[in-house]
Each structure stands twice: as structure tokens, then as C-alpha cells.
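Architecture and fold: a report
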Amino acid sequence: MKAWQEGFANFAATLTAGMLLASGATLFAVSSQQMKVSAQIESITEKLGDLTESMKGLEGRVRNLEIKR
């Protein structure tokens, strides 16, 4: 193999490895963001459940007040 062909082959291999590494880093970052979003959604869902329970309790209190009138 000629020197320039070897140099080009090394360059292409290095470029490919760099692109694969960058792709892996990007996938990791996206995966990390997805986990954060999933945790936030879970937290919001729990808070909505708590709010729903509170609303049911308030509804019961309002009914009791209406009955006492």
C-alpha cells in the first residue's frame, strides 16, 4: 500500500471512530434526558393523585356543610 493510501485509511478509521464515539455520547445524553423527563412525569402524576384526593375530601366537606344548612 502506498503511504498516502495508508494515511487516508488511518484518517478514515479515526474519523469513523470519532463519529461513533460522538453518536454514543449523543445517545447517552438523550437517554439521560429521557430518564429525567420520566422522573418528572412520575412526580407530576403523584402530585395530581394527591390533588385529586384532596379535592374529594373538600367535596365531602362541602356536602356536609350543605346538609347542615
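See the structure printed just above.
Residues numbered from 1 in each chain as written. Predicted model: local features only at pLDDT ≥ 70, side-chain atom pairs only at ≥ 80, totals over all residues. Heavy atoms only, no water.

A few words now on the pattern of salt bridges. All chains considered together, the criterion is met by 2 salt bridges. In this structure, the salt-bridge partner of Glu-53 is Lys-56, at a minimum N-O distance of 3.8 Å. Pair noted here: Glu-53 and Lys-56 are both in helix H1 (residues 3-68), with a separation of 3 residues, about one helical turn. Close ionic contact of Arg-63 with Glu-59 constitutes a salt bridge, the shortest N to O distance being 3.2 Å. Residue Arg-63 and its partner Glu-59 are both found in helix H1; the two are separated by 4 residues, about one turn of the helix. For Glu-59, a relative accessible area of 42% translates into the label partly exposed. (Salt bridge = Lys/Arg side-chain N within 4 Å of Asp/Glu carboxyl O. Helix = DSSP H or I, 4+ residues; strand = E, 2+ residues; numbered from the N terminus. Buried < 20%, exposed > 50% of the residue type's maximum accessible area, 1.4 Å probe, protein only.)

Geometric descriptors of this kind do not, in isolation, establish any biological role.
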